[in-house]
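Here is what each chain is made of, one letter per residue.
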Amino acid sequence: MSKEKKAGGRPKKKYEKKRIVAGICAIAVAVVFLFSCLYPVISRASAVDDAKAARDKAKQELDDIKNKKTNLVKAYADFDSQLTAVEDEVAAITADIKNTKEEIERKAIELEEAEANTAAYEEEFKTRARIMYENGSTSYLEVLFGAESFSDLLERMEVVGSILDYDREVLDKYVESQKIIKNAKEEQEQLLERQNSQQRSLELKQEQLEITLEKQQVLIDELSDDEDLAAKAYAAAEKKYEEEERKAQEEIRRKQLESQKSALASNYTGGKFCWPAPSGVRITSPFGYRYHPISHTYSLHRGIDISTAYGTNILATEDGVVIIAQYNSSYGRYISINHGNGYTTLYAHNSQLLVSPGQTVKRGQVIAKAGSTGNSTGPHCHFEVSYNGNLQNPLNYLN
Ligand SMILES: [Zn+2]
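In this text, all values refer to a predicted model and were calculated from it rather than measured experimentally. (Residues numbered from 1 in each chain as written. Predicted model: local features only at pLDDT ≥ 70, side-chain atom pairs only at ≥ 80, totals over all residues.)

S.K.: Give a detailed account of the overall build of the protein chain, specifying residues and quantitative values.
M.R.: Check the secondary structure of the protein chain and you find four helices and 13 strands. Pairs at least 24 apart in sequence give 73% of the contacts found in the protein chain among residues at least 6 apart. (Helix = DSSP H or I, 4+ residues; strand = E, 2+ residues; numbered from the N terminus. Contact = placed C-beta atoms within 7 Å.)

Here it is as structure tokens:
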């Protein structure tokens with residue numbers, strides 16, 4: 001409670017109202033001012049984030065299409081080998097059918113011959129029997145009547161009977177072999193029927209596979225078109241992301257240069273910096289051009305990467321004033337410090353920031369906790385040194 005309110009009184013209230021309005025205005029102006037100061041940084045960070053999200057989405061879409069296409073191409077190859085197998089089967093059955101037809105033709109000829117042979121022998125037998133009968137007295141009968149005794153008669157009858165039996169036997173053989181050939185021919189004809197129906201079903205299968213393959217090809221072509229579009233979209237998104245990153249880097253560089261003009265810049269007068277990440281000594285990636293494991297392109301590595309344990313201390317390498325302490329999608333949570341005389345340092349991928357912009361820091365002061373935020377594959381400290389806005393090899397400044 002304010003004393004003024006306790007005192008009360010109309011005129012005072014009016015005065016109070018004016019003060020409240022003025023206060024609100026002042027706060028509003030302050031908020032607008034603060035926001036307009038922060039806006040470029042916020043909008044730049046979110047522009048990079050948005051561009052990165054769009055790039056990742058475009059990449060995902062492209063990968064999805066590629067996976068689908070790979071599966072379709074695999075399926076196509078599978079159907080294609082099925083078709084080849086069926087084509088081979090059709091060729092084989094067609095050859096079998098040709099053989100069977102030839103066999104049937106051969107059997108038909110054999111049968112014709114056998115029938116002719118049978119007919120001829122039959123004719124011969126009939127003729128012989130007729131002659132025997134017609135010349136009964138001189139042939140069979142003569143033979144029979146010529147018997148001298150009953151036993152002789154029986155013997156002679158047997159002989160005549162044997163002749164007839166022999167003829168019949170030969171004839172039977174002819175008929176039998178004719179029957180065998182006929183059966184064989186019929187078997188071949190039945191085989192041909194089966195082979196024909198097999199051929200028809202194989203041809204149907206072949207036709208269906210050809211239709212399937214055509215459809216698959218259409219799908220693959222469509223996906224190839226989609227893939228081209230997605231690849232273009234991805235390339236554009238990647239370019240946009242790189243552009244936004246470049247702008248973000250420029251913004252950092254601008255701030256670093258700007259900070260040099262400020263009167264509160266401390267004075268780094270040369271000499272070695274202290275090691276920024278005492279938990280690690282191993283440099284996993286040096287300063288300079290390198291193949292990037294995530295973007296798969298050659299690019300300038302702006303600093304050195306020092307392997308760290310997660311959550312360990314990150315130190316200010318020299319006395320200075322914090323210029324930037326914020327997040328962006330590449331650096332993650334990062335800090336930049338102005339050491340004066342044109343020198344700035346930058347510490348990226350932290351899990352936690354312990355200082356704020358404008359804050360004065362001492363050499364060796366804990367400014368952050370190590371982490372793997374932003375464009376990073378594991379906990380490490382990415383450390384940069386700039387002189388008058390130009391990147392330096394940090395190893396030249398470290399113990
Ligand atoms: Zn790095």
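Picking up where we left off.
S.K.: How would you summarise the pairing of strand S12 (residues 380-387) if you had to cite specific residues and measurements?
M.R.: Burial runs high along S12: seven of the eight residues are buried. The pairing of strand S4 (residues 304-307) with S12 spans four bridges and is classified as antiparallel. Across the sheet, the residue bridging to Ile304 is Phe383, located in S12. As paired elements, strand S8 (residues 343-350) and S12 share six bridges and run antiparallel to each other. The residue bridging Thr345 from the neighbouring strand is Val385, located in S12. Pairing between S12 and strand S13 (residues 390-392): three bridges, direction antiparallel. Pairing of Tyr387 across the sheet is with Asn390, part of S13. Taking the residues that link successive antiparallel strands as the turn, the S12-S13 hairpin has two residues, and the phi of Asn388 there is positive, at about 50°. (Buried ≥ 20, exposed ≤ 12 C-beta atoms within 10 Å, placed from the backbone. Pairing = 2+ DSSP bridges.)

S.K.: Would you mind going over the sheet that holds strand S11 (residues 366-369) in detail, with residue names and values included?
M.R.: Picture the strands of a sheet paired through backbone hydrogen bonds; they go either parallel or antiparallel. With antiparallel pairing, three strands are arranged side by side in an open sheet as S5-S11-S9. Two strands in the sheet have a free side with no partner beyond their single neighbour: strand S5 (313-315) and strand S9 (352-353). As paired strands, S5 and S11 are joined by three bridges and run antiparallel to one another. Bridge pairing in S11 places Ile314 opposite Ala368.

S.K.: Now, about the pairing of S8: what can you tell me, with residues and values included?
M.R.: Counting buried positions along S8 gives eight out of eight residues, so the element sits mostly inside the fold. For strand S7 (residues 332-340) and S8, the ladder comprises six bridges, and the chain directions are antiparallel. From the neighbouring strand, Asn338 faces S8, where its bridge partner is Thr344. Hairpin connection, S7 to S8: the antiparallel pair is bridged by two residues, and Asn341 has positive phi, about 55°.

S.K.: Can you lay out the nonpolar core for me, pointing to particular residues and giving the numbers?
M.R.: Among the nonpolar cores identified, the biggest contains 36 residues, and Ile314, Val322, Ile335, Ile337, Tyr347, Ile367 and Cys381 are the most heavily contacted of them. Top contributing element to this core by residue count: helix H4 (residues 150-261), with six residues. (Core = buried A, V, L, I, M, F, W, Y, C linked by C-beta atoms within 7 Å.)

S.K.: Explain the environment of Lys126 to me, using residue names and the numbers behind them.
M.R.: Inspection of the secondary structure assignment puts Lys126 in helix H2 (residues 10-134). What makes Lys126 exposed here is the crowd of 12 C-beta atoms within 10 Å. Separated by 41 residues in the primary sequence, Lys126 and Asp167 place their C-alpha atoms 9.9 Å from one another.

S.K.: Tell me about the environment of Glu222, residues and numbers included.
M.R.: The topology assignment puts Glu222 in helix H4. Taking the number of C-beta atoms within 10 Å as the measure of exposure, Glu222 has 12 and is therefore exposed. Between the C-alpha atom of Glu222 and that of Lys69, which follows or precedes it by 153 residues, the distance is 9.6 Å.

S.K.: I'd love a proper account of unusual backbone geometry, names of residues and values included.
M.R.: At Asn341, a residue that is not glycine, the phi angle is positive and equals roughly 55°. Looking at the element boundaries, Asn341 is found in the loop between S7 and S8. Of note, the phi angle at His349 is positive, near 70°, even though the residue is not glycine. With 26 C-beta atoms counted inside 10 Å, the residue His349 sits in the buried group.

S.K.: Go over the confidence of the model for the protein chain, please, and point to the residues and values.
M.R.: With 83% of its residues at a pLDDT of 70 or more, the protein chain shows a mean pLDDT of 85. Considering only residues more than four positions removed or in separate chains, one finds that residues 1-10, a stretch of pLDDT under 50, has four contacts. Note on residues 33-40: pLDDT under 50 across the span, and one contact to partners over four residues away in sequence or across chains. (pLDDT = per-residue confidence, 0-100.)

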